[in-house]
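Residue-level structure breakdown
Each chain is listed here by its residues.
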Amino acid sequence: MKFGKEFKREMVPEWIEAYVDYNGLKQILQDIRRSKESKQPPTPARSLDQRLALYRNFSGLNLQSSTQNTGDIEDQVIAVNTVQHENSGKFYITKFLGSPEGAENEISFFNKLDHEFNKVNTFYKDKVDEVMREVTLLNKQMDALIALRIKVMDPGFDAFGSLQRLSFDINNSTPSRITSPLRMTTVDTDHMTVGTSFDPSYSRQGSSTNASHPKVPINRNTLREKRDIDSHKSDPLEILDHIKIVNTFESPMSTIRGVLRESKENDLSYKKEELKKVEQRLKIIFFEFYQKLRLLKHFSYMNLSALAKILKKYEKITSRKAARSYMKMVDKSYLGSSEEVTSLLDRVETTFIKHFSHSNRRKGMKILRPKHKIEKHRITFLSGFLSGCSIALLVAFILLRDDRKLMDKEEGTSYLDKIVPLYSFYAYIVLHMLLYAANIYFWRRYKINYAFIFGFKQGTELSYREVFLLSNGLAMLVFAALLMHLHMNSRAEEYVTRIEYVPLGLMTVLLFITFCPFNIIYRSSRLFLIRCIFRCICAPLYKVTLPDFFLADQLTSQVEAIRSLEYYICYYTWVKSSHGHNTCQSHNVYNIFYFILAVIPYWFRFFQCIRRLFEEKDQSQAYNALRYFLTILAVVIKTAYSLRKSLAWEVLAILSSLVTTLFNTYWDIVVDWGLLRRKSKNKFLRDKLVLRHKSVYFIAMVLDVLLRFAWLQLVLKFNVPSLQGSTVSSIFACLEVLRRGMWNFFRLENEHLNNVGKYRAFKSVPLPFVYHEEDDEDKEE
C-alpha cells in the first residue's frame, strides 16, 4: 500500500485538519516534476523576508529570530530559521539556498512544508498541554479515591495510631501523606517527567472477604515509621472533608433526588455501592485518557513519517539534498523530542493495572487495548446466501399467489388484508435495517466516525456486512413463514388449528433472539439496543445521550410498525381468525390504543427535549420540544379523522399536518443537517461538506420535502385504483422509513463535522469528585 493511502486511512477523523497535508505537498512536487520536464517558469512565491514580515504582522508582537547552525551539514540547499514568538512558542521558516531561477515551485514547496509543520507542531503541543492539565485533575481524583477506599474498607482507620496497618509502595517520596500514582515529582520545561509518589493499598484486618465487592490486592509489608517525624504527620483521610460526589443524574433515583434537593453534589455516604460507582466512572475516565494518549503518540509518529517521506520524494525529484537539515530541525522540535506522552502511557498502564484490574496486567491491558474487529469472509458468504434465499422465497410467494389468483377473488383480498398487518411489521424492520447497513457503509467510506458518535464500545460496533447479514436472515424467516402461511391456508381443512400460529411463532423467535441472554448473535449490540429503548421509555428520568434521541427519532418513523404490534395483540386475544381485521377496528379499546401508540415515539422525544432544556439550558431544545408537541397534535387529529370521517376533522387534519410538516422540514434541513446557511462558502449549503458533489445535498433537500409532504396523502385520500385496503398506509410508511434512512446519513455527517471543528475525538466523562477548598486563613481574617 502506498504511504499516502495508509496515511489517510490511519488519520483520526476528528483531527484530519491537523495532520500534514501530504497530498497537497505531493501535488507541488508533481508540479516541480512537470516544470522540470517542460522547463516553463512557474508562478512566483514569497521570499523569506516577506514570510518573516507576515509572522511579525500576524500578532503585532515582537519576534526574535535565530538561525540554526547548519555548519555540520554540507551541500544542503536549505537553512531552517527558528522564529521565537513571545506567547505561541517557536515557528520554523525555511530559506532556500539554491538558485532562485526556476526554483519558485521549490520555494512554494518549503513554504507549504513550513506551514504544515508549524500547524502540526502547535496542535500537538496544545494537546499535550491539555493532557498535562488533565493529569493534575486525575491526581486529585486518585487521591480522593484512595482515601475513600481506606475509609470504606477500614472505617476504624486512625492515621496516627494505626498507620502501620497500611502498606505503601514507596517510590522517591516520604510517607507523610497519601499521593496518587500519577503525581508528578519533577518537572522540566522541555522534558516533563512523571514519577510515582505512593501507590497505597488497603485492607481491614480480621474482616471476611466480601464477594459482592472484591478487595484491592494488599501488600502486607509493615511500614516502619520514623519517630522523629511522627509529630509532623497529617491525617491521610482529611481529604474526604473537602470533596463531594458529583451527581450526573444518570438513573431515575438520582434524577428524582436531584430534583428534590436541587443540587448536583452529594455528601459522601462511605458505602461500598458508592465506592463501586466511583471506581467504575474513574475506570472509564482512565480508559478514555489512555486512548487519547495513544492517539497523540500515533499522531506524532504518522506526521513525522509523512515529513520524512515527502522530503525523500523531494530529493528524488529535484536531486537536491534537504532532508537531513529539515529532519534535524524536526527532531529538535517539540513534535520530535517530546517524551511526555510516552511517559504518561507507561504511568497510566501501571496505575490502571494496580488499581482497577487487581494487578493483573493481562486483564488490564485487555481493557485498555481492546482488539479491533476482524472482518470475516464467512459474514460475506452468509449474507449472500441468505439474500439469495430471501429472493427465492419472495419469488415463490408471488408465483403461488398468482397461481391461486388470490387478488381476483373477494375472499383472497380479504385474506391478504388480514395477514398483511401481521407481516408488514417485519417488512418495516427489515427495510430499516437495510438502510442502516447502507448508512454504515457510506459513513465508513467518507470517514464519519459513527462508532464514536454513538458511543459504541471499541471492537463491538457492527459493520455494514453484519447488519446486512441480520436483515437478510430476518427477511428469509419472514418470507419462509409467509409462504408457509399461504400454503397452509390453501389446505385449511388439514391445518385449521395450526395456521394461525405461524405469525405468532415468528414473533416468538424474533423476541427470543432479541432478549437472548447467551453470548450469541451479537449480544453486546442487542444489549445496547435494549438499554437505549429502555432509556427512551423512561426519557425524563435518564440523562439524554445521542444514541437515545437518535433511536427515538427512528421510532417516530416506525409508527405503523408499532401499530402492527397492537394488531397482533388484538388478533390473538379478541377475535377469531376469519373476522380479525374488521372486528379489531370495532373495539373501542383498540381505537384508543390506536391513538396512543401513534403518539408514544413523539412523546419520548418531547420528554427528551424537556430534559435537555433543563440540563443544558439550551433554548433550541424548547423549540424542538414545541415541534414534537405540534407533531403529537397533528398525529392525534389525523388519527381521529381516519376513524371518524367528517369535514371538520378533515380541515383540522389538513391544517395541523401542513403546519407540522413545514416546521419539521425546516428543522431537518437547517438544524439537523446544518444546510441553507446564508454566509456559507458553499451557496445554500454549509462551509464544510463531506461529499464532493454538491448536487447530492440539493437532491436530498428536495426529497426530504417531498417525502415529508407524502404523508398528507393519508389525510387527503387521493384515489389510486390499484391500491386498496391497508396497502396505501403500508407504502407511505415505507416511504417514511426511506426518508429516515436518508436523514440519518446527513444528521451524522453534520454531527461529525461539528466534532471535527472542535477537534473532539473523545467521550467526555464527568469526574466523580468535586473539591471544596476552604481557606482557613481567610476565614480567620
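Note that this is a predicted model, so its numbers are computed, not measured.

Helix and strand counts for the protein come out as 26 helices and six strands. Scored against the burial criterion, the 781 residues of the protein give a buried share of 46%. Considering only contacts within the protein whose residues lie at least 6 apart along the sequence, 73% involve residues at least 24 apart. Total accessible area on the protein is roughly 42100 Å²; 57% of this is exposed by carbon and sulfur atoms.

Turning our eyes to something else, we now look at the confidence of the model for the protein. The pLDDT averaged across the protein works out to 77; a share of 74% of its residues lies at or above 70. Across residues 158-180, where pLDDT falls below 50, the model places 70 contacts with residues more than four positions away in sequence or in other chains. This model gives residues 774-781 a pLDDT under 50, and the stretch forms two contacts once residues within four places in sequence are excluded.

A cluster of basic residues, Lys2, Lys5, Arg33, Lys309, Lys312, Lys313 and Lys316, forms a positive patch at the surface. Ranked by residues supplied to the positive patch, first place goes to helix 6 (residues 272-318) with four residues. Among the secondary structure elements, Lys312 is positioned in helix 6. When its relative accessible area of 59% is taken as the criterion, Lys312 is described as exposed.

With respect to the helices and strands, Asp704 occurs in helix 23 (residues 695-710). Residue class for Asp704 comes out buried when judged on its relative accessible area of 0%.

Mapped onto the elements, Ile317 comes out in helix 6. The class of Ile317 is buried, set by a relative accessible area of 17%. Spatially, the C-alpha atom of Ile317 lies 7.5 Å from that of Leu29, the residues being 288 residues apart in sequence. Residues contacting Ile317, with those up to four places away along its chain left out, are Leu29, Ile32, Arg33 and Lys36.

Rules and cut-offs
Residues numbered from 1 in each chain as written. Predicted model: local features only at pLDDT ≥ 70, side-chain atom pairs only at ≥ 80, totals over all residues. Heavy atoms only, no water. Helix = DSSP H or I, 4+ residues; strand = E, 2+ residues; numbered from the N terminus. Buried < 20%, exposed > 50% of the residue type's maximum accessible area, 1.4 Å probe, protein only. Contact = heavy atoms within 4.5 Å. Areas by Shrake-Rupley, 256 points an atom, 1.4 Å probe, with all protein chains shown as cover. pLDDT = per-residue confidence, 0-100. Patch = residues over 30% accessible without salt bridge, like charges linked within 9 Å, V, L, I, M, F, W, Y side chains within 5 Å. Salt bridge = Lys/Arg side-chain N within 4 Å of Asp/Glu carboxyl O. Lys, Arg positive; Asp, Glu negative; His and termini not counted. Charge placed at Lys NZ, Arg CZ, Asp CG, Glu CD.

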